[in-house]
Amino acid sequence: MTEPTIAQRAPFPIEVEEGKNYFWCACGQSAKQPFCDGAHKGSSIAPVKYTAEATKKVYFCGCKQSASQPFCDGTHSRLPDE
Ligand code: FES
Ligand code: FES
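Here's a quick rundown of the structure. Sequence order as written defines the numbering, with residues in each chain counted from 1. Note on labels: chains are lettered from A, ligands numbered from 1, in written order. Note on the predicted model: pLDDT of at least 70 is required for a residue's local features to be given, and 80 or more for side-chain atom pairs to be given and counted; whole-chain, interface and lining totals, by contrast, use all residues. Hydrogens are left out, water is left out, and the side-chain values use all remaining heavy atoms of the structure.

Points about the overall build of the protein
1) Next: In terms of helices and strands, the protein carries 0 helices and 4 strands.
2) Next: Secondary structure follows DSSP: runs of H or I at least 4 residues long count as helices, runs of E at least 2 residues long count as strands, and numbering of each begins at the N terminus. Counting helices and strands in the order they occur from the N terminus, the protein gives β-β-β-β.
3) Next: Projected onto the principal axes, the alpha-carbon positions of the protein cover approximately 35 × 30 × 20 Å.
4) Next: Classification of residues uses two cut-offs on accessible area relative to the type maximum, computed with a 1.4 Å probe and protein chains only: under 20% is buried, over 50% is exposed, and between them is partly exposed. Residues classed as buried in the protein amount to 32% of the 82 residues present.
5) Next: Only heavy atoms matter for contacts: two residues are in contact if any of them lie within 4.5 Å across the pair. Restricting to contacts in the protein with at least 6 residues of sequence separation, those with at least 24 account for 60%.
6) Next: Accessible surface, the protein: about 4,900 Å² in total, of which carbon and sulfur atoms supply 49%. For every accessible area listed, the method is Shrake-Rupley and the probe measures 1.4 Å; residues are considered covered only by the protein chains on display.

Notes on the pattern of salt bridges
1) Next: Should a side-chain nitrogen of Lys or Arg be within 4 Å of a carboxyl oxygen of Asp or Glu, the pair is scored as a salt bridge. Under the criterion given, the structure shown has 1 salt bridge.
2) Next: A salt bridge links lysine 56 to glutamate 53; the shortest N-O distance between them is 2.8 Å.
3) Next: Residue classification places lysine 56 among the partly exposed residues on the basis of a relative accessible area of 33%.

Observations concerning unusual backbone geometry
Note: most peptide bonds trans; most residues except glycine with negative phi.
1) Next: Proline 34 follows glutamine 33 through a cis peptide bond whose omega is 5 degrees.
2) Next: Summarising the element assignment, proline 34 is placed in the loop between strand 2 (21-24) and strand 3 (48-51).
3) Next: Backbone torsion omega between glutamine 69 and proline 70 reads 10 degrees, so that peptide bond is classified as cis.
4) Next: Within the secondary structure layout, proline 70 lies in the segment after strand 4 (56-60).
5) Next: Even without being glycine, lysine 64 reaches a positive phi, approximately 70 degrees.
6) Next: In this structure, lysine 64 sits in the segment after strand 4.

Focus: the nonpolar core
1) Next: Membership of the largest hydrophobic core comes to 15 residues, with the highest contact counts inside it found for Val16, Tyr22, Trp24, Tyr50, Ala52, Val58 and Phe60.
2) Next: Residue assignment for this core shows that the elements contributing at least two residues are strand 1 (12-16), strand 2 and strand 4.
3) Next: Beyond its immediate sequence surroundings of up to four residues, tyrosine 50 is in contact with Val16, Lys20, Asn21, Tyr22, Lys56, Val58, Phe60, Pro70 and Phe71. We define a nonpolar core as any set of buried Ala, Val, Leu, Ile, Met, Phe, Trp, Tyr and Cys residues linked to one another through side-chain atoms lying within 4.5 Å.

Structure below.
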C-alpha cells in the first residue's frame, strides 16, 4: 500500500481537547476512523500527529486526499466517482 484508500467521502467532526495529541489515519485502513489503529504497518504511509491548540470541534479528513492534512479541505467533493 503506497496510496491511501478512501475511508469515507466526508469529514469526521470530532471534539478535540486542548493539549491532547491525536494521530490521524492517513492510509484509510484504520477501523477506528479518523484515527490510526496501526493498520498502516507494512506500508509506506504513517499517521499524522495533531496536537489540539484549543478545545473545539474540528473536521478530520475522511477521504485521505486533503492537501491540508489532517483536516478536510473540501477535496472530497471533487473526487471522481468509484
Ligand atoms: Fe491508517 Fe495508521 S491505520 S495511518
Ligand atoms: Fe477529505 Fe474532505 S474528507 S477533503
